[in-house]
Amino acid sequence: MAVCIAVIAKENYPLYIRSIPTENELKFHYTVHTSLDVVEEKISAVGKALVDQRELYLGLLYPTEDYKVYGYVTNSKVKFVIVVDSSNTALRDNEIRSMFRKLHNSYTDVMCNPFYNPGDPIQSKAFDNMVSAMMVQVC
């Protein structure tokens, strides 16, 4: 089950972070923040290699004892991080990819809102409902 979903701006500050067990929220902020180093590593490796530049999904960033951290980067360098409970072995890579696609589509809808200023924290109820549905659906 997804326990934390985060949207990180190009300049590496959080636009949106939501976690299910709210008592561990600070722990998830730390996990997301530490994953940014791995994201930057993978982005620079993709730039040097002859890998397809359009591939936005970064895959498993790093596993911990309790969680697995996955990453995704948009063309505008906005980063999505999903932290998944590692006890859920039924969750496959293609399901994680579809979660990121849904998240990216919903983020695009937020960006298309004329009242949203890019770089501000995301406070859209539609985006929040979609993230909540994703976290409950994976359970």
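Owing to the predicted nature of the structure, the values given are computational and were not obtained by experimental measurement.

> Can you explain helix 2 (residues 93-111)? Please cite residues and give values.
With 19 residues, helix 2 should cover 27 Å at 1.5 Å per step; its first-to-last C-alpha distance of 27 Å lies within 8% of that length. For helix 2, the full list of buried residues reads Ile96, Met99, Phe100, Leu103, His104, Ser106, Tyr107 and Val110.

> Can you explain the nonpolar core? Please cite residues and give values.
Proteins that are soluble and globular tend to have nonpolar side chains buried together. Ranked by size, the top nonpolar core spans 28 residues in total, and within it Val7, Ile122 and Phe127 carry the most contacts. Those elements that place two or more of their residues in this core are strand 1 (2-8), strand 2 (14-19), strand 4 (67-73), strand 5 (79-85), helix 2 and helix 3 (125-138). If one sorts the elements of this core by residue count, helix 2 sits on top with 6 residues. Setting aside chain neighbours within four positions, we find Ile122 in contact with Val7, Leu15, Tyr16, Tyr107, Val110, Tyr116 and Phe127. Within the second largest apolar cluster, 18 residues are counted, among which are Val3, Ile17, Val32 and Leu61.

> Please set out the side chain of Thr74 residue by residue, giving values where relevant.
As for its placement among the helices and strands, Thr74 is situated in the loop between strand 4 and strand 5. With relative accessibility at 5%, the residue Thr74 sits in the buried group. There is a polar contact of 3.1 Å between the side chain of Thr74 and the side chain of Ser76. When neighbours within four sequence positions are excluded, Thr74 is seen to be in contact with Leu56, Phe80 and His104.

> Kindly report on the pattern of salt bridges, identifying the contributing residues and their values.
Under the counting rule described, the total for this entry stands at 5 salt bridges. Linking Lys27 and Asp66 is a salt bridge whose minimum nitrogen-to-oxygen distance equals 3.9 Å. Here the residue Lys27 occupies a position in helix 1 (residues 25-48), and Asp66 occupies one in the loop between strand 3 (57-63) and strand 4, the gap between them amounting to 39 residues. The class of Lys27 is partly exposed, set by a relative accessible area of 38%. For Glu40, the salt bridge goes to Lys79, with nearest N and O atoms at 3.7 Å.

> Describe the sheet that holds strand 4, and please don't skip the residues or the numbers.
The 5 strands are arranged 2-1-5-4-3 in an open sheet whose pairing can be described as antiparallel. The open sheet terminates on both sides in strands that have one partner only, identified here as strand 2 and strand 3. Averaged over all adjacent pairs, the angle separating strand axes in this sheet is 15 degrees, with direction ignored. The pairing of strand 1 with strand 2 spans 5 bridges and is classified as antiparallel. Across the sheet, residue Ala6 finds its bridge partner in strand 2, namely Ile17. In the packing of helix 2 onto the sheet, the strands contacted are strand 1, strand 2, strand 3, strand 4 and strand 5, and the crossing angle to strand 5 comes to about 140 degrees.

> Hey, could you go over unusual backbone geometry for me, with residue numbers and the actual values?
Positive phi is not limited to glycine here, since Asn12 has a value of about 70 degrees. Along the chain, Asn12 falls in the loop between strand 1 and strand 2. Judged by its relative accessible area of 32%, Asn12 is partly exposed. Phi is positive for Lys77, which is not a glycine, with a value near 70 degrees. Residue placement: Lys77 occurs in the loop between strand 4 and strand 5. Residue classification places Lys77 among the partly exposed residues on the basis of a relative accessible area of 39%.

What counts, and where the lines are drawn
- Residues numbered from 1 in each chain as written.
- Predicted model: local features only at pLDDT ≥ 70, side-chain atom pairs only at ≥ 80, totals over all residues.
- Heavy atoms only, no water.
- Helix = DSSP H or I, 4+ residues; strand = E, 2+ residues; numbered from the N terminus.
- Expected span 1.5 Å × (residues − 1).
- Buried < 20%, exposed > 50% of the residue type's maximum accessible area, 1.4 Å probe, protein only.
- Core = buried A, V, L, I, M, F, W, Y, C linked by side-chain atoms within 4.5 Å.
- Contact = heavy atoms within 4.5 Å.
- Polar contact = N/O pair within 3.5 Å; in protein donor to acceptor, adjacent residues only side chain to side chain.
- Salt bridge = Lys/Arg side-chain N within 4 Å of Asp/Glu carboxyl O.
- Pairing = 2+ DSSP bridges.
- Axes fitted to C-alpha atoms, helices over the stretch in contact; angles between N-to-C directions.

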